[in-house]
Amino acid sequence: MADKPTRDGFGEGLLELGRTTPNVVALSGDLEDSARAIWFKKEFPARFFSVGIAEQDMIGTAAGLALMGKIPFACSFSQFVTGKALEQMRLAVCYQRLNVKIAGSHGGLSVGADGATAESLEEFSSLRALPHMTVIVPCDALEARKATIAAAAYPGPVFLRLGRAPAPLITKPEDPFTIGRANVLRGGDDVTLVACGVMVEHALRAADLLSKDGITARVINLHTIKPIDRAILLAAARDTGAIVTAEEHSVVGGLGSAVAEVLVQEHPVPMRFVGVQDRFGTSGDPAELLKAFHLMPEDLVAAAKEVLRLKQSALGSRL
Amino acid sequence: MPARPDLATLRKLAVDIRQDILRAIAKAGSGHPGGSLSMVELLIGLYWYALRHDPQNPTWPERDLFLLSKGHGCPALYTVLAFRGYFPKEELMTLRRYPTRLQGHPERNSPPGVEIAAGSLGQGLSMANGIALADRLDARRRRIYCLMGDGEIQEGQVWEAAMTAHHHKLDAVCAIVDANQLQQNGPVKDIQDIEPLPEKWRAFGWQAIEINGHDLAQVLDAYDQAAAVKGKPQVIIARTVKGKGVSFMELNPAWHGVAPKPEELARALQELEAARA
């Protein structure tokens, strides 16, 4: 199948929700085309609310709609909604435990040429620190569609991080998707690669490369960063004893940190974080940027070999 | 239009409420007396006249809604809710002390009758708009009031929300600005001048009604007048006095966020009592 951005999966899911779930409404601040909420807007104009280029008001308005039992999806660029409206998400959405869904499109480096100001690389960190918030990063358009539909049925605040750039479809329509339950995409006993978003596909490619060296890598699609699937991570740490995390996001406070918070307390193993190294983005083609920021399968392979070395030297010292 | 309550009775009630606000803040040892005292008549006008509500059924789906956006004024809201029977008056003395339902800034549904959380300023009006949009979809007719401070409307989100209410012609929304002239560090006009208020709101497409916010007759009239407006949101600009009713607190920025000491409380209660006659 042709490559497709996760924002398209979101747009399809939202449209389906429009048809099946009358309480679903949507808001956007002049980015409904980019975030693909425009398909919903066209079919359900009365249930779509334009709030102007005003993310703080958008989240507050969504909270008001949720207070009355609606299931609002507030859509924008990930950077703008999670950056500008963080306080509104904290007080109006999370503290009030409201059923607001936030769709952040153009996440990570996928906005590419637009450059650093629109490239969101810190939102996993800020959002997962909010009590009651759920943070989901679909790996492909099919998963994004399922995640959108699941989010509507899941009580409480949910953030969906979506990409602009077309990405390969790596899941199948029949694959299960449950919020908070990660999926093992490939078995392996030597090392585990834990990834979300576009990095899942890179992790699968890294596992292929590692297999050529006789290394079997388990690949976990950690689509839900919060609530995190502790069981699947602990099993991976016990079974493989070495973990590499991969995210199109800063290594400060993101998926890698979330995984480490679980493992370091319950089953510490050697770890490496593949991610953006505490810096801002820059203009360029998204594929080119993934290379420049060392987010490629080869970078996961190098990290995997490092943790394997650490694991083996630790085993050696115990002998 | 509901029957008008007796204004003399309401004025006495205002004294009782001001006294209990100060007792609760004094007992808590912290809180915001100035901005609580300035909004008393505005709340009385709502809870004893304009609002369709049922203290025995705080989540009655058909109720009108009052959203307190200036969260630091919550001692006034808690006291009014207690006087209206939403929860026992004795609970007012638990204000701000663990484990209380009466948070220093309000939490939703805590106690019953508190519609929204507030305390990070500027957020209430957006929520009021969202409620009005949901009501429009559901063909539910009710009024949504949102009380803000004059300092609070320096927050940009308020003006984003003002544009949204205008754009969507949300005539169910009635904003109230408690223009008590002061904010934490001094007069509003010195910190950041927000005047001319009525002209500003009118320029944003709102019906603006300017009143003396301590004159109960004007307050009740303003709520009636606002409710009659069709096709656009309304704002009541209530000219008030921060610390109203206590001479040493009135228009004194020092009383923004400080609790009275026992001797100050005694003087304040006495002054309020003297004004009852």
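Calculation rules
Residues numbered from 1 in each chain as written. Chains lettered and ligands numbered in written order. Predicted model: local features only at pLDDT ≥ 70, side-chain atom pairs only at ≥ 80, totals over all residues. Helix = DSSP H or I, 4+ residues; strand = E, 2+ residues; numbered from the N terminus. Rg over C-alpha atoms; globule rule 2.2 N^0.38 Å. Buried ≥ 20, exposed ≤ 12 C-beta atoms within 10 Å, placed from the backbone. Contact = placed C-beta atoms within 7 Å. Pairing = 2+ DSSP bridges. Axes fitted to C-alpha atoms, helices over the stretch in contact; angles between N-to-C directions. Core = buried A, V, L, I, M, F, W, Y, C linked by C-beta atoms within 7 Å. Domains from an automatic or database assignment. Nonpolar A, V, L, I, M, F, W, Y, C, P; charged D, E, K, R; others polar. Parallel < 35°, antiparallel > 145°, perpendicular 65-115°, else oblique. Left-handed = near helix turned anticlockwise from the far one by under 90°. Expected span 1.5 Å × (residues − 1).

For chain B, the helix and strand inventory stands at 10 helices and 7 strands. Relative to the globule expectation of 19 Å for 277 residues, the C-alpha radius of gyration of chain B, 17 Å, shows essentially globular dimensions. Projected onto the principal axes, the alpha-carbon positions of chain B cover approximately 50 × 45 × 35 Å. Residues classed as buried in chain B amount to 51% of the 277 residues present. For chain B, the share of sequence-separated contacts (at least 6 apart) that also reach a separation of at least 24 residues comes to 76%.

Right, let's talk about the overall build of chain A for a bit. Scanning chain A from N- to C-terminus turns up 12 helices and 12 strands. Relative to the globule expectation of 20 Å for 319 residues, the C-alpha radius of gyration of chain A, 19 Å, shows essentially globular dimensions. Its C-alpha atoms put chain A at 70 × 35 × 35 Å along the principal axes. For chain A, the residues scored as buried account for 60% of the 319 residues in total. Counting only contacts in chain A whose residues sit at least 6 apart along the sequence, the fraction spanning at least 24 positions is 80%.

Another aspect to go through is the sheet that holds strand 2 (residues 48-50) of chain A. Residues and elements named next belong to chain A. Here 7 strands make up an open sheet; going across it, the order is 2-1-3-4-6-5-10 and the pairing mixed. Lying at the two open borders of the sheet, with one neighbouring strand each, are strand 2 and strand 10 (224-226). The mean inter-strand angle of the sheet, taken between neighbouring strand axes irrespective of direction, is 20°. The pairing of strand 3 (residues 71-77) with strand 4 (residues 101-105) spans 5 bridges and is classified as parallel. Bridging from a neighbouring strand, F77 pairs with S105 of strand 4. Its contacts with the sheet put helix 3 (residues 55-67) on strand 1 (24-28), strand 2 and strand 3, and the angle it makes with strand 3 is roughly 170°.

Residues and elements named next belong to chain B. Side chains L65 and L67 of strand 1 (residues 65-68) all project onto a buried face; the interleaved residues F66 and L68 project onto the opposite face, where all are buried too. Alignment of strand 1 against strand 2 (residues 144-149), held across 4 bridges, turns out to be parallel. In the strand pairing of strand 2, L68 is matched with L147.

Right, let's talk about the nonpolar core for a bit. Core analysis: the biggest nonpolar cluster contains 189 residues, and A:L193, A:A203, A:A304 and B:C146 have the highest contact counts within it. When residues are assigned to domains, this core turns out to be shared by domain 1 (6-161) and domain 2 (183-318) of chain A, each giving three or more. Here A:A304 is in contact with A:V191, A:L193, A:A206, A:L210, A:I215, A:A217 and A:V244, once residues within four sequence places are set aside.

What follows covers the domain arrangement of chain A. Residues and elements named next belong to chain A. By domain assignment, chain A separates into domain 1 (6-161) and domain 2 (183-318). Taken together, the contact between domain 1 and domain 2 spans 23 residues of the former and 29 residues of the latter. Listing elements by their share of the side of domain 1 that touches domain 2, those giving two or more residues are helix 6 (123-128), strand 5 (134-136) and helix 7 (141-153). Residue composition of the side of domain 1 that touches domain 2, grouped by class: 12 nonpolar, 6 polar and 5 charged.

Residues and elements named next belong to chain B. It is the contact of helix 1 (residues 7-28) with helix 4 (residues 74-83), at a shortest axis distance of 9 Å, that shows an interaxial angle of 120°. With respect to helix 4, the element helix 1 is oriented oblique. Helix 4 is crossed by helix 1, and the crossing has right-handed handedness. Residues I17, D20, I21, A24 and I25 of helix 1 form the contact with helix 4, whose participating residues are P75, A76, T79, V80 and F83. Classifying every residue of the contact of helix 1 with helix 4 gives 8 nonpolar, 1 polar and 1 charged.

We now examine the interface of chain A and chain B. At the interface, 23 residues of chain A touch 20 residues of chain B. Secondary structure elements with two or more residues in the side of chain A that touches chain B: helix 3 and helix 5 (86-95) of chain A. Broken down by class, the residue content of the side of chain A that touches chain B amounts to 12 nonpolar, 7 polar and 4 charged.

Once that is clear, we can look at the environment of B:A175. Residues and elements named next belong to chain B. Relative to the assigned elements, A175 resides in strand 3 (residues 173-179). With 108 residues separating them in the primary sequence, A175 and L67 have C-alpha atoms 9.4 Å apart. If we skip the residues at most four places from it in the chain, A175 touches L125, C146, M148, P233 and V235.

So, on to the sheet that holds strand 6 (residues 207-212) of chain B. Residues and elements named next belong to chain B. Spatially, 1-2-3-7-6 is the arrangement adopted by the 5 strands of the open sheet, whose pairing is parallel. On the outer flanks of this sheet lie strand 1 and strand 6, each paired with one strand and no other. The average undirected angle you get between the axes of adjacent strands in this sheet is 20°. As defined by bridge partners, strand 6 adjoins strand 7 (residues 234-239) across 6 bridges and the pair is classed as parallel. Paired with A208 across the strands is V235, a residue of strand 7. Sheet strands touched by helix 9 (residues 216-227): strand 3, strand 6 and strand 7. Its angle to strand 6, the strand with the most contacts, is close to 170°.

All right, on to helix 4 of chain B then. Residues and elements named next belong to chain B. Burial runs high along helix 4: 9 of the 10 residues are buried. What helix 4 keeps buried is the set C74, P75, A76, L77, Y78, T79, V80, L81 and A82. Here the buried face of helix 4 lies against helix 1, helix 2 (33-37), helix 3 (40-50) and strand 1. Positive phi shows up at G85, right after helix 4, with a value of about 95°.

As a further point, take helix 3 of chain A. All names here are of chain A. Compared with an ideal rise of 1.5 Å per residue, which puts 13 residues at 18 Å, helix 3 spans 18 Å between its outermost C-alpha atoms and is within 8% of the ideal. The element helix 3 is largely enclosed, with a buried count of 13 among its 13 residues. Immediately downstream of helix 3, the backbone of G69 shows phi near 90°, a positive value.

Attention shifts here to the environment of A:K4. Residues and elements named next belong to chain A. Structurally, the position occupied by K4 is in the segment before helix 1 (6-20). Here K4 falls in the partly exposed class, since 18 other C-beta atoms lie within 10 Å of it. Expressed as a C-alpha distance, the spacing of K4 and D33, which sit 29 residues apart in the sequence, is 16 Å. Not counting residues up to four positions away in its chain, the partners in contact with K4 are A141, P166, A167 and L169.

Let's shift gears to the environment of B:H105. Residue and element names in this part refer to chain B. Mapped onto the elements, H105 comes out in the loop between helix 4 and helix 5 (124-137). Counting along the chain gives 33 residues from H105 to H72, while the straight-line C-alpha distance between them is 5.7 Å. Dropping the residues within four chain positions of it, H105 is found in contact with G71, H72, C74, A118 and G119.

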